[in-house]
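So the chains spell out like this:
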Amino acid sequence: MRTGGDIRGERDLAGHAFGIESPAACPCADRASLDAILTSALVDILASRIPVGTRVMQRGIGDIVEGHVTDMVIDHVSRHSLPARARKADTKRSVEDLLVEIGGTTFYVDVKARDLDGTFSMPNLISIDRLEKLYRSGANVLLLLMVEYSRDGDEIIVDEVRWSAIEEICWGSLAIQNLGKGQLQIRNAKKRLGRFEGDRASWLQRFVMEGAIFYKAAARKALEAEKVWLARLGMDDPVPTEAAPQPIGGEQLDLFEDTSA
């Protein structure tokens with residue numbers, strides 16, 4: 001475990017102190033500036049003790065950690081008058097916990113807290129529909145910032161902080177699950193994320209293919225489910241569209257309405 005004292009002399013080495021092991025998939029001055037900001041702002045969180053109370057469950061701890069990290073970055077940018085803008089998310093449904101604007105790039109920072117003593121988990125990141133829309137602009141970057149901690153009574157101790165842009169994470173570490181229009185998740189949060197060997201364009205091409213594969217599988221499952229339900233009526237053929245029950249009052253129900261992050 002690296003402590004705050006171990007890395008204070010390295011705070012200007014963008015990202016390396018927190019587990020960035022190789023250059024970003026799409027190196028740019030704005031990303032290097034963000035790495036430097038996060039390294040400097042969060043250096044003191046390592047080995048720190050954060051009060052959370054004895055009755056707070058894991059989701060509540062996650063909210064506390066997200067708020068703590070967000071406040072540290074915003075305060076750091078403000079105190080040092082850095083050429084960047086940092087602010088909290090506008091709403092609970094925002095993609096990010098922290099928004100950082102540097103130069104011509106907007107970084108949507110999603111802070112995730114992970115209990116090192118916790119059980120297997122597959123954290124939700126973002127719906128694939130929202131990510132596709134967000135990444136239509138090359139100026140937008142979704143950054144996953146992972147805070148790993150252990151619990152000691154009514155406090156948590158931060159053991160490690162690391163981050164990666166979503167397009168730097170290999171597909172062996174990601175999965176699309178059947179939630180809403182499809183939810184991008186970390187496959188196993190207890191394993192270190194693998195790095196995608198390629199640029200943003202290559203990652204996005206794979207992302208679109210993975211999305212198409214997901215929807216094809218979902219359609220196949222839906223058709224199989226339809227056959228099961230029709231069999232309960234002794235029917236074999238699909239129900240004609242015009243025979244389907246119509247909503248009362250003409251109201252349309254969107255079965256794929258996305259209510260996830």
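Because the structure is predicted, anything quoted here is derived from the model rather than measured.

Peer 1: Sorry if this is basic, but what is going on with the overall build of the protein here?
Peer 2: For the protein, the count of helices and strands is five helices and nine strands. Along the protein, helices and strands appear, N-terminal first, in the series α-α-β-α-β-β-β-β-α-β-β-β-β-α. The 261 residues of the protein split such that 42% are buried. In the protein, 69% of the contacts between residues at least 6 apart in sequence involve partners at least 24 apart. For the protein, the exposed surface amounts to about 14,500 Å²; the carbon and sulfur share of it is 54%.

Peer 1: I keep staring at the pairing of strand E6 (residues 140–152) and nothing clicks. Help me out?
Peer 2: Side-chain direction in a regular strand flips from residue to residue, so the side chains alternate between the two faces of the sheet. Of all 13 residues making up E6, eleven are buried, and the element is well covered by its neighbours. With ten bridges connecting them, strand E4 (residues 105–115) and E6 associate as parallel partners. Among the inter-strand pairings, Ala-113 is bridged to a residue of E6, identified as Val-147. Sheet topology note: the E6/strand E7 (residues 155–165) ladder contains ten bridges and is antiparallel. Note that in E7 the partner of Ser-150 across the bridge is Ile-157.

Peer 1: Looking at this structure, how should I read the nonpolar core?
Peer 2: Membership of the largest hydrophobic core comes to 58 residues, with the highest contact counts inside it found for Leu-145, Ile-166 and Leu-184. It is E6 that provides the largest number of residues to this core, a total of eight residues. Sequence-distant contacts of Leu-145, that is, excluding residues within four places in its chain, are made with Leu-38, Leu-42, Val-69, Val-109, Asp-110, Val-111, Lys-112, Val-161, Arg-162 and Trp-163.

Peer 1: Looking at this model, I keep getting lost on helix H2 (residues 29–42). Mind explaining?
Peer 2: One turn of the α-helix equals 3.6 residues, which is why residues spaced by three or four share an orientation. For H2, which comprises 14 residues, the first-to-last C-alpha distance of 20 Å matches the rise-based estimate of 20 Å (1.5 Å per residue) to within 8%. Where burial is concerned, most of H2 is hidden: ten out of the 14 residues are buried. Of all the residues in H2, the buried ones are Asp-30, Arg-31, Leu-34, Asp-35, Ile-37, Leu-38, Thr-39, Ser-40, Ala-41 and Leu-42.

Here is what the cut-offs are and how they apply
- Residues numbered from 1 in each chain as written.
- Predicted model: local features only at pLDDT ≥ 70, side-chain atom pairs only at ≥ 80, totals over all residues.
- Heavy atoms only, no water.
- Helix = DSSP H or I, 4+ residues; strand = E, 2+ residues; numbered from the N terminus.
- Buried < 20%, exposed > 50% of the residue type's maximum accessible area, 1.4 Å probe, protein only.
- Contact = heavy atoms within 4.5 Å.
- Areas by Shrake-Rupley, 256 points an atom, 1.4 Å probe, with all protein chains shown as cover.
- Pairing = 2+ DSSP bridges.
- Core = buried A, V, L, I, M, F, W, Y, C linked by side-chain atoms within 4.5 Å.
- Expected span 1.5 Å × (residues − 1).

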